[in-house]
Amino acid sequence: MAEGMIKIRLKRSPICTPEKHKVIVRSLGLKTLNRTVERPDTPAFRGMVAKIPHLLEIVREEIVHKPKSVSPEPVSAEAPVAHAPVVEPAERPAAEPATPAQDAVEPEPVEPENV
């Protein structure tokens, strides 16, 4: 990133926002979500971002250092290895065959009363 430049990303859609917000997004050159543009770091561009912070974000590039290739450490036999204990399923009794309920009582039909 050049000195005096900022990166701006469109993080939310400008749909259902006021027309002024859409104009700001278009004037920054942002068309699709997660698109990043690089603009000069001036009060004008900072003001545009400040007007719609819910739609935009300033991207900060962090320098990521790759670690040197290091051979993996050997695993010692003394170190305990954490494993989940093996649990055997409990034995279930055999299911009895299904039979019609002998105790089931049918409701008696109700006769309407004559008035």
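Calculation notes
Residues numbered from 1 in each chain as written. Predicted model: local features only at pLDDT ≥ 70, side-chain atom pairs only at ≥ 80, totals over all residues. Heavy atoms only, no water. Buried < 20%, exposed > 50% of the residue type's maximum accessible area, 1.4 Å probe, protein only. Pairing = 2+ DSSP bridges. Helix = DSSP H or I, 4+ residues; strand = E, 2+ residues; numbered from the N terminus. Axes fitted to C-alpha atoms, helices over the stretch in contact; angles between N-to-C directions. Contact = heavy atoms within 4.5 Å.

Some words on unusual backbone geometry
Turning to step 1, where the next piece is worked out: You will see that Cys16, though not glycine, has its phi angle at about 65°, which is positive.
Turning to step 2, where the next piece is worked out: Here Cys16 falls in the exposed class, since its relative accessible area comes to 78%.
Turning to step 3, where the next piece is worked out: Here the phi dihedral of Asn34 falls at roughly 60°; this positive angle occurs in a residue that is not glycine.

Side note on the sheet that holds strand S3 (residues 56–59)
Turning to step 1, where the next piece is worked out: With antiparallel pairing, the three strands of this open sheet are ordered in space as S2-S1-S3. Each end of this open sheet is capped by a strand with a single partner; those strands are strand S2 (36–40) and S3. The mean angle between the axes of side-by-side strands here comes to 35°, regardless of whether they run parallel or antiparallel.
Turning to step 2, where the next piece is worked out: Where helix H2 (residues 43–51) meets the sheet, its contacts fall on strand S1 (5–10), S2 and S3, and the angle it forms with S3 comes to roughly 130°.

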